[in-house]
Amino acid sequence: MTGDIESEASYDRRRLHQWRAGLARAEGVGRRDMLRLLAAAGVVSAVPVALPAPAARAAEHAGPTGEGIVKPLPPELFTVHGTNAETRFEALAGTGFTTPISHFFVRNHTTTPRIDAAAWELRVRGDGLTGGARRFGLADLKRLPPVTRTAFVECAGNARNYFKTQQDRPASGTPWGTGAIGTARWRGARLSDVLRLAGLSPRAVDVMPRGLDDEYVTSDGTNYGRVRRPLPVSKALDDVLLAYEMNGVPLPPDHGFPVRLLVPSWVGIASIKWLGDIEVSTTPLYSPWNTDSYRLFGDAYPPGGSAPLTRQTLKSAFELPWNARLSAHTRHRLTGRAWSGAGAVTRVEVSTDGGTSWRPARLRDPGRPGSWTRWSIPWTPREPGPAALLSRATDSTGRTQPETTVHNTQGYLFDAVLRHAVTVEA
Ligand code: MTE
């Protein structure tokens, strides 16, 4: 059920029914927000639909200059947005399949905490365990069968800024270009192994991983508490890792040291960093990160938003600076990457004439779900002047990037074909 939007929506409706019956918990989520969700899901019809949809107040808050990020953020590799750092997509050219840690984007709600691995423990607790709470040290996790998996982590708001620049309708939140994504080789223990060792009850329905970073306080002063977002048990038991290594080294501080969750193919918020505890529950759980944010809100959606976001969408991008200057009558090798949360990338086409004609790009990696594919194509421009380069990916579900993305107020899951502006010089 995990990847299927339809069943995710009915799962959501079932949870909401349970909340109304007093059988689900929603700590840190306002009653009005829950009523709005109920109304939107058609669970109750008597609730006035005028309850405001949450606007900008959720996740993305901006401080001045990459504050709280430990690693260096040289301007040739990163664009800094408040507490976040976006990878310059052009800086990925020539970096190989996995993203070096030095280049990997950082998305922090607050600041990177410094955690002592020797004293660190993961606490697994809740009424979804058959015994009491259990604690696991780093050495305990490393004794479990290790799993290595190459996967991207991508922010749900990646490419959000194109709602404004390409569709003339801005969305709230960090104005990411395409660089809120990175692919790494993650190594760790299976979450399913840990849950089973902890005594997972057959009645458990949700797990709620929570980070050890500071509580998140929005610009209007609302304290959302520690970053946390529930996962259905079905996904938790499927392919989720408790990762302690990234690209062959211990997780760096900014990426979740000593242990983070890796939830393959899902929106980045699911992959909780600096994991401190996991609640296992027999009742559905809510947090601000699956109610106020990380759903789709807007004209095209119910007042309470869509079901909580799960899988990432489909995208492709050129490894070129915006407004790159390319000389005419020279053969250029255009390179890029394409990825999908729904399956493997099977085709990438490129247009150098603004979308009139398309040529297939050469795929340089076998498409694998949850990971990206590098591609390349030669281009010899003739006419000097401004030009738009377009790339269009298709994935193994048969889906191709559309021309536009239906607007949502928080700017998630932008998947439209990008018109990459360049200048051809005589
Ligand atoms: N986990 C905690 N504890 N705190 C956070 O701020 N940000 C989330 C997720 N996990 C976050 C977190 C978001 S929105 C994203 S996109 C990814 O981490 C980013 O992972 P990265 O910084 O390693 O690239």
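Since the model is a prediction, treat every value here as computed from it, not as a measurement.

**Notes on the domain arrangement of the chain**
Logical step 1: On domain assignment, one finds that the chain holds domain 1 (58-281) and domain 2 (314-425).
Logical step 2: Between domain 1 and domain 2 lies a buried interface of about 2,800 Å² when both sides are counted; carbon and sulfur atoms form 59% of it.
Logical step 3: Where domain 1 touches domain 2, the interface holds one salt bridge.
Logical step 4: A salt bridge links glutamate 154 to lysine 315; the shortest N-O distance between them is 2.8 Å.
Logical step 5: Taken together, domain 1 and domain 2 are joined by 16 residue pairs in polar contact (both at pLDDT 80 or more).
Logical step 6: The set of elements that each furnish at least two residues to the side of domain 1 that touches domain 2 consists of strand S5 (147-154), helix H4 (161-165) and strand S6 (181-190).
Logical step 7: In terms of residue count, S5 provides more of the side of domain 1 that touches domain 2 than any other element does, five residues in total.
Logical step 8: Split by residue class, the side of domain 1 that touches domain 2 holds 15 nonpolar, 13 polar and five charged.

**A closer look at empty space enclosed by the protein**
Logical step 1: Counted by the stated rule, this structure contains three cavities of 30 Å³ or more.
Logical step 2: A volume near 270 Å³ is recorded for the largest cavity.
Logical step 3: Forming the walls of the largest cavity are 19 residues, and the residues nearest its centre are Arg107, Arg260, Gly268, Ser271 and Lys273.

**A word on the pattern of salt bridges**
A side chain of one charge can pair with a side chain of the opposite charge when the charged atoms of the two come close.
Logical step 1: Applying the stated criterion to the full structure yields 16 salt bridges.
Logical step 2: Residue arginine 125 is joined to aspartate 277 by a salt bridge in which the shortest nitrogen-to-oxygen separation is 3.2 Å. With arginine 125 in strand S3 (residues 122-125) and aspartate 277 in strand S12 (residues 275-281), this residue pair connects regions lying 152 residues apart in the sequence.
Logical step 3: Across the salt bridge formed by glutamate 349 and arginine 347, the nearest N and O atoms sit 3.7 Å from each other.
Logical step 4: Residues joined in a network through salt bridges with shared partners are Arg125, Arg210, Asp277 and Glu279.

**Examining the side chain of arginine 337**
Logical step 1: Mapping arginine 337 onto the fold places it in strand S15 (residues 332-340).
Logical step 2: Residue arginine 337 is classed as buried on the basis of its relative accessible area of 1%.
Logical step 3: A distance of 3.0 Å separates a polar atom in the side chain of arginine 337 from the backbone oxygen of glycine 96.

**Overview of the confidence of the model for the chain**
Logical step 1: Mean pLDDT over the chain: 91, with 91% of residues reaching 70 or higher.
Logical step 2: Confidence drops under a pLDDT of 50 for residues 45-64, and excluding neighbours within four residues, the segment shows 52 contacts in the predicted structure.

**Looking at unusual backbone geometry**
Keep in mind that most residues, glycine aside, have a negative phi and that most peptide bonds are trans.
Logical step 1: Cis rather than trans, the peptide bond between phenylalanine 257 and proline 258 has omega equal to 0 degrees.
Logical step 2: Among the secondary structure elements, proline 258 is positioned in the loop between strand S10 (249-250) and strand S11 (260-262).
Logical step 3: A positive phi angle, close to 50 degrees, is found at asparagine 247, a residue other than glycine.
Logical step 4: Residue position: asparagine 247 is located in the loop between strand S9 (241-246) and S10.
Logical step 5: Given a relative accessible area of 18%, asparagine 247 falls into the buried group.
Logical step 6: Although it is not a glycine, serine 265 adopts a positive phi angle of roughly 75 degrees.

**A few points about the sheet that holds strand S19 (residues 372-379)**
Logical step 1: The four strands lie next to each other as S13-S15-S19-S18, forming an open sheet whose pairing is antiparallel. Either end of the sheet is taken by a strand with one partner, and the two such strands are strand S13 (314-318) and strand S18 (362-363).
Logical step 2: As defined by bridge partners, S15 adjoins S19 across eight bridges and the pair is classed as antiparallel. Counterpart to tryptophan 339 in the pairing with S19 is tryptophan 372.

**Observations regarding the site of the ligand**
Logical step 1: Every one of the 20 residues lining the ligand counts as a neighbour, but Phe105, His109, Asp213, His255 and Lys273 are closest to it.
Logical step 2: A distance of 2.7 Å separates a nitrogen atom of the ligand from a polar atom in the side chain of aspartate 213.
Logical step 3: At 2.7 Å, a side-chain N or O of histidine 255 approaches an oxygen atom of the ligand.
Logical step 4: Across the complex, the protein chains shield 100% of the 530 Å² of accessible surface that the ligand would expose by itself.
Logical step 5: Comparing atom positions with the cavity grids shows the ligand to sit within the largest cavity.

**Quick notes on the pairing of strand S16 (residues 345-351)**
Logical step 1: The element S16 is largely enclosed, with a buried count of five among its seven residues.
Logical step 2: In the sheet, S16 pairs with strand S20 (residues 385-395) via six bridges, with the strands oriented antiparallel. Looking at S20, one finds that valine 350 is bridged to serine 391.
Logical step 3: The pairing of S16 with strand S17 (residues 359-360) spans two bridges and is antiparallel. Paired with valine 350 across the two strands is arginine 359, which belongs to S17.

Each value, and the rule that gives it
- Residues numbered from 1 in each chain as written.
- Predicted model: local features only at pLDDT ≥ 70, side-chain atom pairs only at ≥ 80, totals over all residues.
- Heavy atoms only, no water.
- Domains from an automatic or database assignment.
- Buried area = accessible area lost by both parts, 1.4 Å probe.
- Salt bridge = Lys/Arg side-chain N within 4 Å of Asp/Glu carboxyl O.
- Polar contact = N/O pair within 3.5 Å; in protein donor to acceptor, adjacent residues only side chain to side chain.
- Helix = DSSP H or I, 4+ residues; strand = E, 2+ residues; numbered from the N terminus.
- Nonpolar A, V, L, I, M, F, W, Y, C, P; charged D, E, K, R; others polar.
- 1 Å grid on protein atoms, 1.4 Å probe; cavity = no way out; pocket = protein on both sides within 12 Å on 5 of 7 lines; lining within 4 Å.
- Points joined across faces, edges and corners; volume = space filled by probe spheres on them.
- Buried < 20%, exposed > 50% of the residue type's maximum accessible area, 1.4 Å probe, protein only.
- pLDDT = per-residue confidence, 0-100.
- Contact = heavy atoms within 4.5 Å.
- Pairing = 2+ DSSP bridges.
- Near = heavy atom within 4 Å.
- Areas by Shrake-Rupley, 256 points an atom, 1.4 Å probe, with all protein chains shown as cover.
- Sits in = over half its atoms within 2 Å of the grid points.

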